[in-house]
Amino acid sequence: EIGQAAPRPGTVLEGDWSRWPTVAFGHSVAAPAFNRAVFNHFQNMLEHLEELRARGYRRIGFCLSQNLSGRTQGLLHAAYLLDQSRHQEMGSIPILRDEDPGGEELGDWVRAHRLDAVISYATTYDKLMACGWKIPRQLGFSLLSTWGERGKRRQPVFAGFDTQVEVLAATGISFLVSLIHEQAYGLLHPPRAYMISGEYQDGRTVRARRRTVRATV
């Protein structure tokens, strides 16, 4: 995104863009209507939940800050609610929306809603462990995004979703170069977008995927 590394959700950038080819990285800049390179947040979240359900988890909690919900245009939130509507027999589980919940608050939330797994950030894992939760024996834990954790020498190796940040960054640059070659300056109508899907990364913070046994005749 031109001019700012991490603008606040809903940011509006003023100025004359007619001389520049533009590509916005993500959804944080709400206006003007730039071309974009974005994560497929909605499908990524549905796949993440499906992978956890394939490992036997049924009551999956989700920590989602207001800031990140804004940056993703509510797509993560929407996918989580769709998954709940598909599994109504499990009952409704509210999203934990606090920006920085404490360990006790997290524990109360897990117990109140009888969660068997949580999707959140590495800091949430640290707080749960500090409060005595045994992962994955008592509670499964999966990172909303594994980016930033893969290079750290820490245990355990987290389960979570690889959003393919590097692929999106490379795609955004290639997209920008293609616009330069086209001499496609200014705000295009309609704006174009590239969307990148990620993939689930298995790890030691969740139990193993259930094996499907096929009947033989």
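Criteria and cut-off values
Throughout, a residue's number is its position along its own chain's written sequence, starting from 1. Given that this is a predicted model, residues contribute local features only at a pLDDT of at least 70 and side-chain atom pairs are listed and counted only at 80 or more, while totals for whole chains, interfaces and linings are drawn from all residues. Values reported for side chains reflect all heavy atoms of the structure, with hydrogen atoms and water molecules removed beforehand. Numbering of helices and strands runs from the N terminus; a helix is a DSSP stretch of H or I covering at least four residues, while a strand is a stretch of E covering at least two. For every residue, the accessible area obtained with a 1.4 Å probe (protein chains only) is divided by the maximum for its type, and the residue is called buried under 20%, exposed over 50%, and partly exposed between those limits. We call two residues contacting when some pair of their heavy atoms lies within 4.5 Å. The convention is simple: Lys and Arg are positive, Asp and Glu are negative, and His and the chain ends are not counted. Each charge is placed at NZ for Lys, CZ for Arg, CG for Asp and CD for Glu. Working definition of a nonpolar core: buried Ala, Val, Leu, Ile, Met, Phe, Trp, Tyr and Cys residues. They are joined through side-chain atoms within 4.5 Å.

A. A look at the overall build of the protein chain. Regarding its fold elements, the protein chain presents six helices and ten strands. Oriented by its inertia axes, the alpha-carbon framework of the protein chain measures out at about 60 × 50 × 40 Å. Expressed as a percentage of its 217 residues, the buried residues of the protein chain come to 45%. At a minimum sequence separation of 6, the contacts of the protein chain that also span at least 24 residues come to 65%. Separation between the mean location of the 26 positive side-chain charges and that of the 22 negative ones in the protein chain comes to 7 Å.

B. Highlighting unusual backbone geometry. Residue P136 follows I135 across a cis peptide bond; omega there is 10 degrees. Along the polypeptide, P136 turns up in the loop between α5 (122-130) and β7 (140-143). Here H189 and P190 are connected by a cis peptide whose omega angle stands at -5 degrees. Inspection of the secondary structure puts P190 in the loop between α6 (165-182) and β9 (193-196). Although it is not a glycine, Q73 sits at a positive phi angle of roughly 55 degrees. Tracing the sequence through the fold places Q73 in the loop between α2 (66-71) and α3 (75-86). Despite not being glycine, Q183 has its phi angle at roughly 55 degrees, a positive value. With respect to the element layout, Q183 can be found in the loop between α6 and β9.

C. Region of the structure containing the nonpolar core. Ranked by size, the top nonpolar core spans 36 residues in total, and within it M45, F62, W109, V118, I119, L139 and F141 carry the most contacts. If you list the elements that add at least two residues to this core, you get α1 (41-53), β5 (60-62), α3, α4 (103-112), β6 (117-120), α5, β7 and β8 (159-162). The dominant element in this core, judged by the number of residues it contributes, is α1, at four residues. Residues V23, F39, V165 and L179 belong to the second largest nonpolar core, which totals ten residues.

Remember, this is a structural readout, not a statement about activity or role.
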